[in-house]
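Residue-level listing of the chains:
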Amino acid sequence: MITSTADLWLTAYPIATASSLGFYLLILAMAFPAIRSRMEQLLGSQKSTTQQHLRGFDAYRGFAAMLVAVSHSWYFTQPVFSSTQQMWSVLNVGAKAVPMFAVLSGYLIYRSVLSINSIVDLRIYVLRRFFRIYPVYLAGVLLGLIFLQYIDGDGFQGFRLFFADLFMFRIFWWPAFANPVTWSLYIEVVFYALLPLVVLTVGRNRMLSVAILGIIATTIGIYIGREFGLWRFFLFGIVASELAPRLKHGVLPLFALGVGLVAYDLSGYAGSTDWMGQIGIEPIHIGDGGNTLALGLGCALMLVTTANMSVIPRWLDILPLRMLGIISYSVYIIHPFFIIANFPEIGVIARPFDRAPFQSMTLMSSWYLPLVFLPGILFWGVASYLLVERPGMNLGYRLTSQIRRASVVAA
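Anyway, here's the lowdown on the structure attached to this text. (Residues numbered from 1 in each chain as written. Predicted model: local features only at pLDDT ≥ 70, side-chain atom pairs only at ≥ 80, totals over all residues. Heavy atoms only, no water.)

### Topic: the pattern of salt bridges
Where charged atoms from two side chains of opposite charge come close, those side chains can pair.
Argument step 1. On inspection of all chains with the given rule, the structure shows 11 salt bridges.
Argument step 2. A salt bridge links Asp317 to Arg55, with the nearest nitrogen and oxygen atoms 3.9 Å apart. Of the two residues, Asp317 sits in the loop between α15 (311-316) and α16 (319-326) while Arg55 sits in the loop between α3 (33-43) and α4 (57-75), which places them 262 residues apart along the sequence.
Argument step 3. Salt bridges sharing partners connect three or more residues here, namely Glu40, Arg55, Asp317 and Arg322. (Salt bridge = Lys/Arg side-chain N within 4 Å of Asp/Glu carboxyl O. Helix = DSSP H or I, 4+ residues; strand = E, 2+ residues; numbered from the N terminus.)

### Some words on empty space enclosed by the protein
Argument step 1. Inspection of the entire model under this criterion finds one cavity of 30 Å³ or more.
Argument step 2. Volume-wise, the largest cavity comes out at about 70 Å³.
Argument step 3. Along the walls of the largest cavity sit 13 residues, with Gly140, Val141, Tyr150, Asp165 and Asn179 positioned nearest its centre.
Argument step 4. Mapped onto the lining of the largest cavity, the elements with two or more residues apiece are α7 (119-146) and α17 (328-342).
Argument step 5. Residues that form the lining of the largest cavity fall into these classes: seven nonpolar, five polar and one charged. (1 Å grid on protein atoms, 1.4 Å probe; cavity = no way out; pocket = protein on both sides within 12 Å on 5 of 7 lines; lining within 4 Å. Points joined across faces, edges and corners; volume = space filled by probe spheres on them. Nonpolar A, V, L, I, M, F, W, Y, C, P; charged D, E, K, R; others polar.)

### Examining unusual backbone geometry
Argument step 1. The peptide bond linking Gln78 to Pro79 adopts the cis configuration, its omega dihedral lying at 10 degrees.
Argument step 2. Looking at where Pro79 falls in the secondary structure, it is placed in the loop between α4 and α5 (82-87).
Argument step 3. Positive phi values are uncommon outside glycine, yet Leu148 reaches one of about 60 degrees.
Argument step 4. Mapping Leu148 onto the fold places it in the loop between α7 and α8 (158-166).
Argument step 5. Relative accessible area serves as the criterion here: at 58%, Leu148 is assigned to the exposed category.
Argument step 6. For Met168, which is not a glycine, the phi torsion comes out positive at approximately 55 degrees. (Buried < 20%, exposed > 50% of the residue type's maximum accessible area, 1.4 Å probe, protein only.)

### With respect to the environment of Gly203
Argument step 1. Looking at the element boundaries, Gly203 is found in the loop between α9 (183-202) and α10 (207-220).
Argument step 2. Overall, the relative accessible area of 21% leaves Gly203 in the partly exposed class.

### Digging into the packing of aromatic side chains
Argument step 1. For the coordinates displayed, the defined rule picks out 33 aromatic pairs.
Argument step 2. With centroids separated by 6.1 Å and ring planes inclined at 15 degrees, the aromatic side chains of Phe81 and Tyr368 adopt a geometry described as stacked. Separated by 287 residues along the polypeptide, Phe81 in the loop between α4 and α5 and Tyr368 in helix α19 (residues 368-410) bring together distant segments of the chain.
Argument step 3. Its relative accessible area of 0% is what places Tyr368 among the buried residues.
Argument step 4. When the ring of Phe81 is compared with that of Phe373, the centres are 5.3 Å apart and the planes differ by 55 degrees; the resulting orientation is tilted. In this pair, Phe81 sits in the loop between α4 and α5 while Phe373 sits in helix α19, placing the two residues 292 residues apart along the sequence.
Argument step 5. Taking relative accessible area as the criterion, Phe373 reaches 0% and is therefore assigned buried. (Phe/Tyr/Trp six-rings, centres within 6.5 Å; stacked < 30°, edge-to-face > 60°.)

### Some details on the layout of surface pockets
Argument step 1. Space inside the second largest pocket adds up to approximately 730 Å³.
Argument step 2. What lines the second largest pocket is a set of 37 residues, among which His72, Tyr75, Asn92, Ala95 and Arg226 lie closest to the centre.
Argument step 3. In the lining of the second largest pocket, the residues fall into 19 nonpolar, 12 polar and six charged.

Right, dumping it as structure tokens:
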């Protein structure tokens, strides 16, 4: 018989407990000015030669990453964290964080592409994208090897799958991959590769019209599946990026509208809050991760208005919230392995597994998942950022700086 108790929360999952303690110590250490200053240097910002820092955007990215991580923690271990899910129904719709990421990517990557004016700029763009994405992705592939995710049997041909993941063959429609969260990353990589070509072909002056047309086409003319539907959200990001410099009035009401649309969309599941689908604008989104038109519109409104406000973005840009955004990519890639480390009963996480062992486990109190398990994930997100992601970006920054200096000398 399953019982609900918190008596053994310190010892039930020692990896989670120790990791969360490390995260809380890091937060407490920020009370000391010297340490906070150092954390500001390490976790406070990311280098960019093409973009001005947009306040508040990191907080949005951090929220999306945490939503994915916490919802997967509940989903893969049901019913261990069911009490949390009953209290916070947003766990049912964690998949909606992925299209939210896509809107952010569309906005930010489009701004990067607009700075490409030469072959040298294109080389720099490609190298910066590679060193931004691949090092942490590679760490995830190696963790998959360590956690025995590349095993033979049931179509998982170990060496072939590892090799395919290592070289990102999924972007060429390879049929399988070991880390389930990377499905959207492969789509992003294709978006990164195609966007410069699209902008060059269409021209900057037509991009807003083309993006809007693409949103309309994918809404009324094309079947929206989970993977293909993600492209619509990149387009929402491009529209937001184009409209942001033009917005002069009504910023706060539009921001409130965007927040309201996103909050309502996240408040239900299985199409229950897809009001645009219910009134017939598009099919009701149930089995595609909740890629609703209203969610894209709400996210776009939030980004457009955040870029034109001062007070709210400043609140969102405090160091702890900014830090969550900085480590969001590491959290996104690493969190499945943290779940497996605490629940080895999962086995191979990318294929159906036996849920019977979880039925006899102790149900954890509602506070355990957000206050202990999630901070443990964030701790390893920080570690991944400091040990893998940041060094990778710094290497890319050095290489691109050399290319830029060489081009100046050659000129």
